[in-house]
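# Structural overview for review
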Amino acid sequence: SSRTMSLLSQLEKINLDSVLGEADNARYVTSKILHLVQSQEKTRKEMTSKGSTGIEVILSTLEVKPFNLFSYGYIASFHFITGLCGGRRASILVTKGGTQILLQLLLTASKDSPPNEELMVLLHTLLAKIGPKDKKIGMKARINGALNISLNLVKQNLQNHKLILPCLQVLRVYSTNSVNAVSLGKNGVVELMFKIIGPFTKKNTSLMKVALDTLAALLKSKTNARRAVDRGYVQVLLTIYVDWHRHDSRHRYMLIRKGVLQCIKSVTNIKLGRKAFIDANGMKVLYNTSQECLAVRTLDPLVNTSSLIMRKCFPKNRLPLPTIKSAFHFQLPVIPASGPVAQLYNLPPDVDDVVDESDDNDDIETESELETENDDDKDQHFKNDDIETDINKLKPRQELGRPIEELKMYEQFFPELSENFQEYDLVSKEPKPFVPDANLSGPIVVPTAGEE
């Protein structure tokens, strides 16, 4: 009955018609739908309401019709549908199979030479919006062959910030999958991210923030982290962080500074990364910058993240500690002249006597790992092994101060704990077991002394 439903019905007829001359009519209908979606919130609600077939009609049109200029109108309609809404409408688009169709359109559009820039921007913007709602988007992109399309666009358009920003947003979504992260790393995405985030500049800070988030997601893969360490990027990250710390005197770019710390946190999840951090004097850098941030409460996230990194990378020593590395001094009453204890006491202060074997079995390629839906939760939090997490072990055991035999003398004071209470027959004065009457109904009448 509405104008929108009328246009959608016309679009359905066009889908069923194979006449080539219908392309002009399709463009006309597309422009009308786009105008209504842009101008009326009522139309957006109508197309995504429960029981509406608006999304299915547009998706079927994109799927069955040849890829031509009027497809841009459909994708623009999706953009405005999801642009002014929360996650519900984007989730509707995912449940209707929109991710698969958009990836196929991206693959088809990339074959043009040169590809349509406006269409690429819009496709990547829409994929970045619906990507977090689709847990399998990384696997779908890899199967469709669309994984490297966004990466190649970034490589070829480093100066076109309008295009590479949505491409980086899509790469950030792809990188949450560990298999995709390794595949992208082999194609040089780690080196590419460092070209974007450095050297220091306050231009295009939004692009800088997305690039840092993408790099942090990529470095969660231990293969990519090792690649970054081998190329000396740990020192580069520390230099970038110091530059932002010095120039951001008004603390307007706290998110960018935190993004750099997240990259350092990801790369120090491996043993080589922690060693490179120590060799680059990272402890002193983060300690000094954290001291300067303590006076500003809004910079607490920077201090907290820096503390986690320093705690993770600080050399570990066994007890007892006779050096200045610990605030506590555990002195043994008798120290033998020779042996492992004497060797520990004779070590210089800057020696780490705890062997770190955390990465010795991590040389297997990540492609052999099973596909998981929440790969970002694997390496997100650094776990400290010296903290007991078993609740049963933390609970104190309650033991009796006396044996049970000695406590039986107090039974007479607490007869309800040991005596067997029975019902007495009021006539025979003999105890009888209590058997409840299943047919008993109404109030229970207690006899008085005269009725006995």
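Treat the numbers as computed from the prediction; the structure is a model and nothing was measured. Numbers given for residues are sequential positions, taken from 1 along each chain in its written order. Note on the predicted model: pLDDT of at least 70 is required for a residue's local features to be given, and 80 or more for side-chain atom pairs to be given and counted; whole-chain, interface and lining totals, by contrast, use all residues. The basis for the side-chain values is all heavy atoms of the structure; hydrogens and waters are excluded.

### Regarding the overall build of the protein
So the rule is basically this: Secondary structure is summarised from DSSP: a helix means a run of H or I of at least four residues, a strand means a run of E of at least two, and numbering begins at the N terminus for each. Partly exposed describes any residue whose relative accessible area lies between the buried limit of under 20% and the exposed limit of over 50%, with all areas from a 1.4 Å probe on protein chains only and scaled to the type maximum.
Of the regular secondary structure elements, the protein holds 23 helices and 2 strands. For the protein, with 452 residues in total, the buried portion stands at 39%.

### Some details on the environment of Asn281
The topology assignment puts Asn281 in the loop between helix H18 (271-279) and helix H19 (282-293). The exposure class assigned to Asn281 is partly exposed, which follows from its relative accessible area of 42%. Put simply, Asn281 and Gln235 are 46 residues apart on the chain and 8.7 Å apart in space, counted from C-alpha to C-alpha.

### A closer look at helix H8 (residues 117-130)
The condition is simple: Take the number of residues in a helix, subtract one, and multiply by 1.5 Å to get its expected span. Residues adjacent in sequence count toward polar contacts only when both atoms are side-chain atoms; beyond that, a polar contact is any pair of N or O atoms within 3.5 Å, and within protein one must be able to donate a hydrogen and the other to accept it.
For H8, built from 14 residues, the straight-helix expectation of 20 Å at 1.5 Å per residue is met to within 8% by its first-to-last C-alpha distance of 20 Å. Across the 14 residues that make up H8, a large majority, 11, are buried. All of the buried residues along H8 are Leu119, Met120, Val121, Leu122, Leu123, His124, Thr125, Leu126, Leu127, Ala128 and Ile130. The backbone nitrogen of Glu118 lies 3.1 Å from a side-chain oxygen of the residue at the head of H8, namely Asn116.

### Notes on the environment of Thr99
So the rule is basically this: Whether two residues touch is decided by their heavy atoms; if any such pair falls within 4.5 Å, the residues are in contact.
Checked against the element boundaries, Thr99 lands in helix H7 (residues 98-109). Once the C-alpha coordinates of Thr99 and Leu126 are considered, the two residues, 27 residues apart in sequence, prove to be 9.4 Å apart. For Thr99, the residues in contact, after removing those within four places along its chain, are Leu93, Val94, Ile130, Asp134, Ile137 and Lys140. Side chain to side chain, Thr99 and Asp134 meet in a polar contact 3.0 Å long.

### Here we look at the packing of aromatic side chains
Threshold: Any pair of Phe, Tyr and Trp rings, taking the six-membered ring for Trp, is counted once the centres come within 6.5 Å. Such a pair is stacked with planes under 30 degrees apart, edge-to-face with planes over 60 apart, and tilted for the rest.
Taken as a whole, this structure holds 2 aromatic pairs when the rule is applied. With centroids separated by 3.9 Å and ring planes inclined at 15 degrees, the aromatic side chains of Phe194 and Tyr233 adopt a geometry described as stacked. Of the two residues, Phe194 sits in helix H13 (residues 189-197) while Tyr233 sits in helix H16 (residues 233-247), which places them 39 residues apart along the sequence. For Phe194, a relative accessible area of 9% puts it in the buried group. Note on Tyr233: relative accessible area 15%, which makes it buried.

### What to know about the packing of H19 against helix H20 (residues 300-313)
Here is the rule: Helix axes are fitted only over the stretch in contact, all axes being lines through C-alpha atoms; the angle between N-to-C directions runs from 0 to 180 degrees. Put simply, angles under 35 degrees are roughly parallel, angles over 145 are roughly antiparallel, angles from 65 to 115 are roughly perpendicular, and the rest are oblique. By definition, turning the near helix anticlockwise from the far helix through less than a right angle yields a left-handed crossing, and turning it clockwise yields a right-handed one. Classes in brief: Ala, Val, Leu, Ile, Met, Phe, Trp, Tyr, Cys and Pro nonpolar; Asp, Glu, Lys and Arg charged; the others, Gly included, polar.
Here H19 crosses H20 at 155 degrees, and the two axes come no closer than 10 Å. Considering the angle they form, H19 stands roughly antiparallel to H20. Relative to H20, H19 is oriented so that their crossing is left-handed. Only Val303, Ser306, Ile309, Met310 and Cys313 of H20 make contact with H19, whose side of the interface consists of Met283, Leu286, Tyr287, Ser290 and Cys293. A per-class count over the contact of H19 with H20 returns 8 nonpolar, 2 polar and no charged.

### Comments concerning a nonpolar patch on the surface
Threshold: Patch building starts from residues that exceed 30% relative accessible area and form no salt bridge, then joins like charges within 9 Å and nonpolar side chains (Val, Leu, Ile, Met, Phe, Trp, Tyr) within 5 Å. Residue-level accessible areas treat just the shown protein chains as cover; the underlying method is Shrake-Rupley with a 1.4 Å probe. In what follows, salt bridge is the name for a side-chain nitrogen of Lys or Arg lying within 4 Å of a carboxyl oxygen of Asp or Glu.
A contiguous nonpolar patch, built from Leu400, Ile404, Leu407, Met409, Tyr410, Phe413, Phe414 and Leu417 and spanning about 860 Å² of accessible area, is present on the exposed surface. Inspection of the secondary structure assignment puts Phe414 in the loop between helix H23 (404-407) and strand E1 (423-424).

### A word on the nonpolar core
The line we're drawing: Throughout, nonpolar core names a set of buried Ala, Val, Leu, Ile, Met, Phe, Trp, Tyr and Cys residues whose side chains join them through atoms within 4.5 Å.
Of all hydrophobic cores here, the largest spans 105 residues; its most connected members are Leu127, Leu168, Tyr174, Met193, Ile197, Leu215 and Phe277. Take this core: its biggest share by element is 9 residues, from H8. When near neighbours in sequence (up to four residues on either side) are disregarded, Met193 contacts Leu168, Ala211, Thr214, Leu215 and Leu218.

### Quick look at unusual backbone geometry
Of the consecutive residues Ser113 and Pro114, the connecting peptide bond is found in the cis state with omega at -10 degrees. Its place among the elements puts Pro114 in the loop between H7 and H8. One non-glycine residue, His251, lies in the positive phi region at around 60 degrees. The topology assignment puts His251 in the loop between H16 and helix H17 (254-267).

### Section: the pattern of salt bridges
Tallying each qualifying case throughout the model produces 7 salt bridges. Among the salt bridges present, the one from Asp248 reaches Arg257, with a minimum N-O distance of 3.2 Å. Asp300 is the partner of Arg297 in a salt bridge, and the nearest nitrogen-oxygen pair spans 3.1 Å. The class for Arg297 is exposed, based on a relative accessible area of 68%. If you follow the salt bridges from partner to partner, you end up with Arg172, Lys209 and Asp213 in one network.

### Structural notes on helix H3 (residues 41-48)
Rules: Along the arc lie the directions from the helix axis toward the C-beta atoms.
If you check which residues of H3 are buried, you get Thr43, Arg44, Met47 and Thr48. Summarising the axial view, the buried residues of H3 lie within an arc of 120 degrees, below the 170-degree limit, and thus occupy one face.

### Concerning the packing of helix H10 (residues 147-156) against H13
A pair of packed helices is captured by two measures, namely the crossing angle of their axes and the spacing between those axes. One can describe the packing of H10 onto H13 by two numbers: an axis separation of 11 Å at closest approach and a directional angle of 40 degrees. By the angle between their directions, the pair H10 and H13 is classed as oblique. Where H10 crosses over H13, the handedness of that crossing is left-handed. Contacts between H10 and H13 involve Leu151, Val154 and Lys155 from the first element and Val189, Leu192 and Ile196 from the second.

### Structural notes on the confidence of the model for the protein
Low pLDDT means the predicted atomic positions in that stretch should not be read closely. Formally: The predictor reports its confidence for every residue as pLDDT, a score running from 0 up to 100.
Residues at a pLDDT of 70 or more form 69% of the protein, whose mean pLDDT is 77. Within the model, the stretch residues 360-386 combines pLDDT values under 50 with 34 contacts to residues more than four positions away or in other chains. Of the regions scoring below 50 in pLDDT, residues 438-442 engages in 0 contacts with residues more than four places distant in sequence or in other chains.

### What about the environment of Leu163?
You can see Leu163 is positioned in helix H11 (residues 161-174). Sequence separation between Leu163 and Ser150 is 13 residues, and the spatial gap between their C-alpha atoms is 9.8 Å.

### Examining the side chain of His124
Looking at the element boundaries, His124 is found in helix H8. Exposure remark for His124: the relative accessible area of 0% places this residue in the buried category. Within the local environment of His124, its side chain forms a polar contact with the backbone oxygen of Met120, the two atoms lying 2.8 Å apart. Setting aside anything within four residues of it in sequence, one finds His124 in contact with Leu106, Ser150, Leu153, Pro166, Cys167 and Val170.

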